[in-house]
Amino acid sequence: MNNRRSACFLLACLCLIFAAVVPSAAQTVYENGAINGNVDAWTINFGFFVGDTFTVSAGTSTISGFSFGAWLFPGDVLETAELTLESNPLGTVYFDQSISFTASGCSLNQYGFDVCTESANFAGPTLPNGSYWAILKNAVVNDGDPVYWDENSGVGCHSPGCPSQTLINEGSIPSESFTILGTASSTSTTASVPEPGSLLLFATGFFGLAAAVRRRLL
C-alpha cells in the first residue's frame with residue numbers, strides 16, 4: 001500500500017511540474033473600448049503618428065499582442081505598422097518594432113471605408129504597473145494608400161486608466177479603439193522554470209522510478 005501511495009505522490013508532482021511550464025494564455029492588459037467606425041479616424045502613415053496612453057494594473061505583465069480599429073479603402077490590406085511602447089512620447093522606449101497585422105471582422109462604414117480589427121502578436125517587453133504610451137506610425141498598405149486609426153473616445157472601456165489620453169503630430173484628439181494583450185507574471189513563487197532538457201531528464205528518471213515501484217507492486 002505504501003508503494004502505491006509513493007507512486008501516486010510522484011505522479012502528482014510530475015503533473016504539477018508540467019503544468020508550471022505550460023505558458024499562460026494571453027489576457028487583456030488594457031482595453032480602450034470597442035471600435036466605433038463612424039465618427040473619425042487618424043492617419044498612421046505618410047509621416048503621421050497617433051499615440052494613446054494605456055495602464056498596466058494587474059501586476060508586472062509581458063506584452064504579447066496589440067489590436068486596433070483601422071479604416072482602410074476597400075480592397076486595401078494593412079501589412080505592417082511600427083508600434084512603440086514608451087514611458088511617454090519623448091521618454092524611455094521599451095519596444096519599437098514594425099509588426100505584421102491580420103484583419104478580421106471588416107465592414108463598410110457610412111463613409112465608404114472598410115473598418116477592420118487589425119491584430120498582431122509579438123514578443124514584447126515586460127512592464128510593471130504604471131502608465132505608458134502606445135504609438136502607431138509608418139504603416140504599410142499593399143497599394144500605398146493611407147490607413148487610419150479609429151477614434152472611439154474610449155466609450156465603453158473598462159480598464160483602469162481609461163479612456164486614454166491621445167497625442168498626434170498636430171496636438172491632442174479624442175482617444176482610439178485598441179486592446180493590449182499580455183501575461184501577468186506569477187507572484188506566488190520565484191523559482192525558475194526548468195529548461196526543457198532538464199525537464200526531460202527529470203521525467204525519464206521519474207518514469208523509471210515509477211516503473212520500478214510498479215514492478216514491486218506486482
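Keep in mind the model is a prediction, meaning the values are calculated, not measured.

Caption draft 1: Looking closely at the side chain of Ser 61. Residue placement: Ser 61 occurs in strand E4 (residues 61-72). Excluding residues that lie within four positions of it along the chain, Ser 61 makes contacts with Val 29, Val 56, Pro 125, Thr 126, Leu 127, Thr 183 and Ala 184.

Caption draft 2: The state of the cysteines, seen in detail. For the structure on display, the rule yields 2 disulfides. What pairs with Cys 106 in a disulfide is Cys 116, and their sulfur atoms sit 2.0 Å apart. When the S-S torsion is 115°, as for the bridge of Cys 106 with Cys 116, the disulfide is right-handed. Taken together, the residues Cys 106 in strand E7 (residues 102-108) and Cys 116 in strand E8 (residues 114-121) connect sequence positions 10 residues apart. When its relative accessible area of 41% is taken as the criterion, Cys 106 is described as partly exposed. Accessibility expressed as a relative area gives 3% for Cys 116, which makes it buried. Here Cys 157 is linked by a disulfide to Cys 162, with a sulfur-sulfur distance of 2.1 Å. On the sign convention where negative means left-handed, the S-S torsion of about 90° between Cys 157 and Cys 162 marks this disulfide as right-handed. In this structure Cys 162 comes out as partly exposed when scored by relative accessible area, which is 21%. Here the cysteine-cysteine linkages of the chain are recorded as 1-2, 3-4, numbering only bonded cysteines and doing so in sequence order.

Caption draft 3: Up close: the environment of Leu 72. Assignment of secondary structure puts Leu 72 in strand E4. Separated by 44 residues in sequence, Leu 72 and Cys 116 have C-alpha atoms that sit 7.8 Å apart. Residues contacting Leu 72, with those up to four places away along its chain left out, are Leu 78, Phe 113, Asp 114, Cys 116, Glu 118, Val 141 and Val 147.

Caption draft 4: Representation of the pairing of strand E3 (residues 49-56) in the model. Within E3, 7 of the 8 residues are buried, leaving the element largely enclosed by the surrounding structure. Two elements, E3 and strand E12 (residues 166-168), share 3 bridges in a ladder whose sense is antiparallel. The residue bridging Asp 52 from the neighbouring strand is Thr 166, located in E12.

Caption draft 5: Spotlight on the nonpolar core. Counting residues in hydrophobic clusters, the biggest one holds 33 residues, and the most contacted among them are Phe 54, Phe 66, Phe 68, Leu 83, Phe 101 and Leu 136. Among the secondary structure elements, those contributing two or more residues to this core are strand E1 (27-31), E3, E4, strand E5 (78-86), strand E6 (93-100), E8, strand E10 (130-141) and strand E13 (178-184). Leaving out residues up to four positions away in the same chain, Phe 68 has contacts with Ile 44, Leu 78, Phe 101, Cys 116, Thr 117, Glu 118, Leu 136, Trp 149, Ser 177 and Phe 178. Core analysis: the second largest hydrophobic core is formed by 5 residues, Ala 41, Phe 113, Val 115 and Tyr 148 among them.

Criteria and thresholds
- Residues numbered from 1 in each chain as written.
- Predicted model: local features only at pLDDT ≥ 70, side-chain atom pairs only at ≥ 80, totals over all residues.
- Heavy atoms only, no water.
- Helix = DSSP H or I, 4+ residues; strand = E, 2+ residues; numbered from the N terminus.
- Contact = heavy atoms within 4.5 Å.
- Disulfide = S-S within 2.5 Å.
- Buried < 20%, exposed > 50% of the residue type's maximum accessible area, 1.4 Å probe, protein only.
- Pairing = 2+ DSSP bridges.
- Core = buried A, V, L, I, M, F, W, Y, C linked by side-chain atoms within 4.5 Å.

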